[in-house]
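# Reading the structure
Residues per chain, in single letters:
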Amino acid sequence: MSVTDSLLAFSFAALLLTLTPGLDTALILRTACAEGGKKAFQAALGIDAGCFIWGALVALEVGALLAWSELAYTLLKICGAAYLGWLGLQLLMRPRSSFTENDDTPASRSNWFIKGMLGNVLNPKMGIFYVSFLPQFIPAGHSPFIWTFILVSIHVLIGTLWSVTLILSTQLASGLLKKKRVIMAMDRATGGLFLCFAARLAFSHR
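None of these values were measured; they are calculated from a predicted model.

Thresholds, definitions, all that
- In this convention, every chain numbers its residues from 1, walking through the sequence in written order.
- Note on the predicted model: pLDDT of at least 70 is required for a residue's local features to be given, and 80 or more for side-chain atom pairs to be given and counted; whole-chain, interface and lining totals, by contrast, use all residues.
- Note that the side-chain values use all heavy atoms of the structure and ignore hydrogens as well as water.
- Orientation is described by axes fitted as lines to C-alpha atoms, over the contacting stretch for helices, and by angles from 0 to 180 degrees between their N-to-C directions.
- For helices the rule is a DSSP run of H or I covering at least 4 residues; for strands it is a run of E covering at least 2, with both sets numbered from the N terminus onward.
- Every angle not falling under 35 degrees, over 145, or within 65 to 115 is termed oblique; those three ranges are roughly parallel, roughly antiparallel and roughly perpendicular.
- The crossing is said to be left-handed when, going from far helix to near helix, the turn is anticlockwise and less than a right angle, and right-handed when the turn is clockwise.
- Any two residues whose heavy atoms approach within 4.5 Å at even a single point are treated as in contact.
- Gly falls in the polar group here, along with every residue not listed as nonpolar (Ala, Val, Leu, Ile, Met, Phe, Trp, Tyr, Cys, Pro) or charged (Asp, Glu, Lys, Arg).
- UniProt positions are given in the numbering used here, feature names are shortened, and annotations may be inferred rather than shown by experiment.
- Site definitions follow a grid-based scheme: protein atoms alone, a 1 Å grid, a 1.4 Å probe that fits but cannot get out for cavities, and for pockets an open set with protein on both sides within 12 Å along at least five of seven lines, plus lining residues having an atom within 4 Å of a point.
- Grid points are joined across faces, edges and corners, and a volume is the space filled by probe spheres set on the points.

Put simply, helix α1 (residues 3-19) and helix α8 (residues 144-171) touch, their axes get as near as 9 Å, and they point 40 degrees apart. Taken together, α1 and α8 sit at an angle that is classed as oblique. Considering how the two elements wind past one another, α1 and α8 form a crossing that is right-handed. Every residue of α8 that contacts α1 at V3, S6, L7, F10, S11, A14, L15, L17, T18 and L19 is listed here: W147, I150, L151, I154, H155, I158, G159 and W162. Looking at the contact of α1 with α8 residue by residue, the class counts come to 13 nonpolar, five polar and no charged.

What follows deals with the UniProt feature "transmembrane region" (unreviewed entry) in the protein. With numbering matched to this structure, UniProt assigns "transmembrane region" (unreviewed entry) to residues 6-29, 41-68, 74-92, 112-133, 145-170 and 182-203. Segment residues 112-133 splits into 91% helix and 0% strand. End C-alpha atoms: 28 Å apart. Between the C-alpha atoms that bound residues 145-170 there is a distance of 38 Å. The span itself is 100% helix and 0% strand.

What follows is about the packing of helix α2 (residues 23-35) against α8. Across the interface, α2 lies against α8 with an axial gap of 9 Å and an inter-helix angle of 35 degrees. Once α2 is placed against α8, the crossing between them reads as right-handed. Contact with α2, carried on its side by T25, I28, L29, A32 and C33, involves W162, S163, L166, I167, T170 and Q171 of α8 and no other residues of that element.

This brings us to the layout of surface pockets. If you add up the space inside the largest pocket, you get close to 770 Å³. Every residue lining the largest pocket is counted, 30 residues in all, and those nearest its centre are G22, L23, D24, N123 and M126. Broken down by secondary-structure element, the contributors of at least two residues to the lining of the largest pocket are α1, α2, α3 (37-59), α6 (112-121), α7 (124-133), α8 and α10 (180-202). Top element by residues in the lining of the largest pocket is α8. It accounts for six residues. For the lining of the largest pocket, the class distribution of residues is 15 nonpolar, eleven polar and four charged.

Pasting the structure below:
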């Protein structure tokens, strides 16, 4: 596979992966609707940072540990499911009822960069995906270390563009999305979705 073929093939695959609805999309949409575009972008940057962390682990061949160690996979899976479950319960039990730019509630002080990053790093499926997927697009004779980061950068760029698109789309309906009942319903729906993701991750297999 030539360099051009590798880049084009991976870009197309990464685009399909990014457009597939999942936890990252739910997190960004919920944050953009209830807390504004700035914090949603922080969450998107956290997700991007998680991709680079997984990329670094794969480049250093540490991520391969997940591919053959059942214990490592299970421990990370449990941590990830517990974290998602905690986020889901927070949204279900304490949904926000209002939003202002100067709000000083615990939710408004949340570090969405950290939440986005942890949601990505604590998902062992992401590690398995990178370990099994990235090497297929590294051209023969090229440095796996350098190319891993090139491919991750492409994935991150596509993901960031998609995140910005999602954030901008919510601004068109910002008035409706900031009403008390809408925000509370949205928080609870997202909390339930996070709990579903947590359950699916907890009972998943490699």
